[in-house]
Amino acid sequence: MNTGIRTRFAPSPTGYMHIGNLRTALYAYLFARANDGTFILRIEDTDRSRYVADAVSFIRRTLDAAGIIPDEGPDDIGGAYGPYVQSERMDIYKKYAEQLVETGHAYRCFCSHAEEAPGTGEGKGFGGYPRTCRDLPPEEVAARLARGEAYVVRQKMPLTGETTFYDVLHGNVTISNTELEDQVLLKRDGMPTYNFANVVDDRLMMISHVIRGTEFITSTPKHVLLYEAFGWTPPVFVHLAPVMGRDETGKTSKLSKRHGATSFNDLVEMGYPAAAIVNYVVLLGWSPKTTNREVFSMDELIEKFSLEGLSKSPAVFDYDKLGWMSGEYFKAMTDEDFAAAARPFAGELPARMEERWPQIAALLKTRVTKLGDVRPEIAFLIEAPAFDADLYENKRNKVTPAAAAELLPALIEILAALPAPHWENELLYALLEECIEREGWRKGTVMWVLRIAAAGRRVTPGGATEILAILGREEGLSRLRAAHAHLSALH
């Protein structure tokens, strides 16, 4: 049964889904779903200078990837309150703008852009349009219309008093009406301004709760006055605190590209799972009241979401925390699913590595925090890194370059005795364990020397025998012999 709760996500078609926008969409969607309500997608494209071709399709693909499914919206989504694209609603805005003019809540302004600049005296102190056309005699208005003069429609703001509205997070918000300019509602070309179209559409689409960023809180008194002018009841307002980014100095500011990737699409392309991004973004300013868990499915988020869990404090986007969340999602995947998801990020692979991809992927599954790390993690398998003697220094395992040079010939001889058909991790490991026990070697020493010789890196996915198995007998022994030659040349 529909509860009457109707929320909306109303992006501009700029082709870019910022993390803050994604969070707004998520909260609106989760609140509607949690209350058996309706979630609407509306495209606010009145600012044609920012319009990007195919942006609507991009927005829909992004929402789909994030698991946000509108009940009403443009094109094939449909619904009873369309059109859901503002540029297709021009006649509606004109009708309501004319209604406000007729009731004395708005007026036609014939001023040119030059005349709209602040005037002197009181107008200059006000800091906005000096209301030149606010009280033109009706006969002058009629004459100018008859001459075909272009005009905008402006809202007639109260000149005294205050406007107050209630916000779920911020409580009562009050602004002096003297701070409000007679804002333009309809431009000369008939295109509505954001503030006007927003109010008309929210009313006609029966929106019960407006969930949006805190940057709109200063515009809300203007919206409230429009609701009052029409005799409409305003929706419930929820203004979300901003998402912040932290720079290398630790200073926080509103999240922007200087902090790194800030769009949902960028993060997906970097290899973070879409579900992990969604899970993390939901927690930027909201927390469930009944659990300390942090990893949730979409169904679980719907079950637990409530406005009471929202915070009015800014949240800081933390890439390390997103990486942790991403890693949790990878661990929960089957080896087969992870291998399939990671393979496109691995790039072109030698034939043997292609054959071994399931084993390679299994080693990476618990190590990477985004799939974009896959290629760098396996680069040493594709091409041997340059020799670095310092890598052989390991106090814990009592390894030095000299000790490694002395030990490697014996290890090469032992491993070379294993034929190619048996060159597998389990057999390599068993063979080395047997020799370590027989010769009285330290296991850590042997494995460190082999891993550095085979991989040329201190940190690798998998141990020495796993790496040698992936490299194959020929390549593995070749690398060990090359490492010994380099070490021998040092002494």
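Residues numbered from 1 in each chain as written. Predicted model: local features only at pLDDT ≥ 70, side-chain atom pairs only at ≥ 80, totals over all residues. Heavy atoms only, no water.

Quick look at the overall build of the protein chain
Okay, step 1: Across its full length, the protein chain carries 20 helices and 12 strands.
Okay, step 2: Relative to a compact globule of 491 residues, whose C-alpha radius of gyration would be 23 Å, the protein chain shows 32 Å and is clearly more extended.
Okay, step 3: Expressed as a percentage of its 491 residues, the buried residues of the protein chain come to 48%.
Okay, step 4: The contacts in the protein chain between residues at least 6 apart in sequence include a share of 74% that link residues at least 24 apart.
Okay, step 5: Carbon together with sulfur atoms contributes 51% to the accessible area of the protein chain, which is approximately 23100 Å² in total. (Helix = DSSP H or I, 4+ residues; strand = E, 2+ residues; numbered from the N terminus. Rg over C-alpha atoms; globule rule 2.2 N^0.38 Å. Buried < 20%, exposed > 50% of the residue type's maximum accessible area, 1.4 Å probe, protein only. Contact = heavy atoms within 4.5 Å. Areas by Shrake-Rupley, 256 points an atom, 1.4 Å probe, with all protein chains shown as cover.)

Points about the sheet that holds strand β7 (residues 184-186)
Okay, step 1: Read from one edge of the open sheet, three strands run β3-β4-β7, paired in antiparallel fashion. Because the sheet does not close on itself, it has two edges, and the strands there are β3 (106-109) and β7. Each neighbouring strand pair of the sheet contributes to a mean axis angle of 40°, computed without reference to strand direction.
Okay, step 2: Bridge analysis of β3 against strand β4 (residues 152-155) gives four bridges, and the strand direction is antiparallel. The residue of β4 that forms the bridge with Tyr107 is Arg154. (Pairing = 2+ DSSP bridges. Axes fitted to C-alpha atoms, helices over the stretch in contact; angles between N-to-C directions.)

Observations regarding the packing of aromatic side chains
Okay, step 1: Tallied over the entire structure, the rule returns 14 aromatic pairs.
Okay, step 2: Considering the side-chain rings of Phe387 and Tyr392, the 6.1 Å spacing of their centres and the 35° angle between planes classify their relative orientation as tilted.
Okay, step 3: Among the aromatic side chains, those forming a connected cluster through ring pairs are Tyr96, Tyr227, Phe230 and Trp232.
Okay, step 4: Over the aromatic face of Tyr129 sits the side chain of Arg154, whose NZ or CZ is 3.7 Å from the ring centroid.
Okay, step 5: Positioned above the aromatic ring of Trp357 is the side chain of Arg343, whose terminal nitrogen or guanidinium carbon lies 5.8 Å from the ring centre. (Phe/Tyr/Trp six-rings, centres within 6.5 Å; stacked < 30°, edge-to-face > 60°. Lys NZ or Arg CZ within 6 Å of the ring centre and 35° of its normal.)

Let's talk about the pattern of salt bridges
Okay, step 1: Counted under the stated rule, the structure contains 29 salt bridges.
Okay, step 2: In this structure, the salt-bridge partner of Arg8 is Asp202, at a minimum N-O distance of 2.9 Å. Of this pair, Arg8 sits in strand β1 (residues 6-9) while Asp202 sits in helix α6 (residues 194-204), and the two are 194 residues apart along the sequence. Like Asp202, Arg8 is buried.
Okay, step 3: Between Glu44 and Arg42 there is a salt bridge, with its nearest N and O atoms 2.8 Å apart.
Okay, step 4: Given the relative accessible area of 0%, Arg42 is considered buried. (Salt bridge = Lys/Arg side-chain N within 4 Å of Asp/Glu carboxyl O.)

A word on helix α14 (residues 357-364)
Okay, step 1: Residues of α14 that are buried: Trp357, Ile360, Ala361, Leu363 and Leu364. Axial view of α14: buried residues confined to an arc of 155°, hence all on one face.
Okay, step 2: On the buried face of α14, the contacting elements are α12 (335-346), α13 (351-355), α15 (374-382) and α19 (464-471). (Arc of directions from axis to C-beta.)

Some remarks on the nonpolar core
Okay, step 1: Counting 52 residues, the largest nonpolar core has Trp357, Ile378, Leu415 and Leu480 as the members making the most contacts within it.
Okay, step 2: Among the elements of the structure, α12, α14, α15, α16 (401-416), α17 (425-439), α18 (443-455), α19 and α20 (473-488) are those that each provide at least two residues to this core.
Okay, step 3: The element contributing the most residues to this core is α18, with nine residues.
Okay, step 4: Trp357 has contacts with Ala339, Ala342, Arg343, Ala346, Leu349, Leu364, Val374 and Ile378, leaving out every residue within four places of it along the chain.
Okay, step 5: Within the second largest apolar cluster, 50 residues are counted, among which are Val85, Phe305, Ala315 and Tyr329. (Core = buried A, V, L, I, M, F, W, Y, C linked by side-chain atoms within 4.5 Å.)

Regarding the side chain of Asp167
Okay, step 1: Along the polypeptide, Asp167 turns up in strand β5 (residues 162-167).
Okay, step 2: No salt bridge is formed by the buried Asp167, whose closest oppositely charged neighbour, Arg212, lies at an N-O distance of 7.3 Å.
Okay, step 3: Among the polar contacts listed, one links the side chain of Asp167 to the backbone nitrogen of His170, at a separation of 2.8 Å.
Okay, step 4: Not counting residues up to four positions away in its chain, the partners in contact with Asp167 are Phe237, Val238 and His239. (Lys, Arg positive; Asp, Glu negative; His and termini not counted. Polar contact = N/O pair within 3.5 Å; in protein donor to acceptor, adjacent residues only side chain to side chain.)

Observations concerning the side chain of Gln183
Okay, step 1: Mapped onto the elements of the fold, Gln183 is located in the loop between β6 (171-176) and β7.
Okay, step 2: Under the relative-accessibility criterion, Gln183 is labelled buried at 7%.
Okay, step 3: One polar contact links Gln183 to Gln155, side chain to side chain, over a distance of 2.5 Å.
Okay, step 4: Discounting chain neighbours no more than four positions away, the residues touching Gln183 are Val153, Arg154, Gln155, Met157, Asn195, Lys222 and Leu226.

Thoughts on the confidence of the model for the protein chain
Okay, step 1: Confidence in the prediction for the protein chain averages 92 pLDDT; 95% of positions are at 70 or higher.
Okay, step 2: In this model residues 117-126 is a low-confidence stretch, pLDDT under 50, and it forms 15 contacts with partners more than four residues away in sequence or in other chains. (pLDDT = per-residue confidence, 0-100.)

Points about the pairing of strand β2 (residues 38-41)
Okay, step 1: The side-chain alternation of β2 yields two buried faces, one formed by Thr38 and Ile40 and the other by Phe39 and Leu41.
Okay, step 2: By the bridge criterion, four bridges tie β1 to β2 in an arrangement that is parallel. By the bridge assignment, Thr7 is partnered in β2 with Phe39.
Okay, step 3: The parallel pair β1 and β2, bridged by helix α1 (residues 19-34), forms a crossover whose chirality is right-handed. (Right-handed = clockwise from strand over helix to strand, strands pointing away.)

Topic: the state of the cysteines
Okay, step 1: Applying the stated rule across the entire model yields zero disulfides.
Okay, step 2: With no disulfide partner, Cys133 has as its closest neighbouring cysteine sulfur the one in Cys111, 3.6 Å distant.
Okay, step 3: Residue classification places Cys133 among the buried residues on the basis of a relative accessible area of 5%. (Disulfide = S-S within 2.5 Å.)

What to know about the environment of Arg367
Okay, step 1: Tracing the backbone shows Arg367 in the loop between α14 and α15.
Okay, step 2: Residues Arg367 and Glu377, spaced 10 residues apart in sequence, show a C-alpha to C-alpha distance of 9.1 Å.
Okay, step 3: Setting aside its immediate chain neighbours within four residues, Arg367 contacts Glu377, Val459, Thr460 and Pro461.
Okay, step 4: Here the side chain of Arg367 touches Thr460 through a polar contact of 3.4 Å, landing on its backbone oxygen.

A short note on the packing of helix α9 (residues 274-282) against helix α11 (residues 319-332)
The packing of two helices is summarised by the inter-axis angle and the distance between the axes.
Okay, step 1: Where α9 meets α11, the axes come as close as 9 Å, and the angle between the chain directions of the two elements is 135°. Accordingly, the angle class assigned to the pair α9 and α11 is oblique. Remark: the crossing between α9 and α11 carries right-handed chirality. Together, Ala275, Ala276, Ile277, Asn279 and Tyr280 of α9 and Lys321, Leu322, Met325, Ser326 and Tyr329 of α11 make up the contact between the two elements.
Okay, step 2: Each residue belonging to the contact of α9 with α11 can be placed in one class, and the counts come to seven nonpolar, two polar and one charged. (Parallel < 35°, antiparallel > 145°, perpendicular 65-115°, else oblique. Left-handed = near helix turned anticlockwise from the far one by under 90°. Nonpolar A, V, L, I, M, F, W, Y, C, P; charged D, E, K, R; others polar.)

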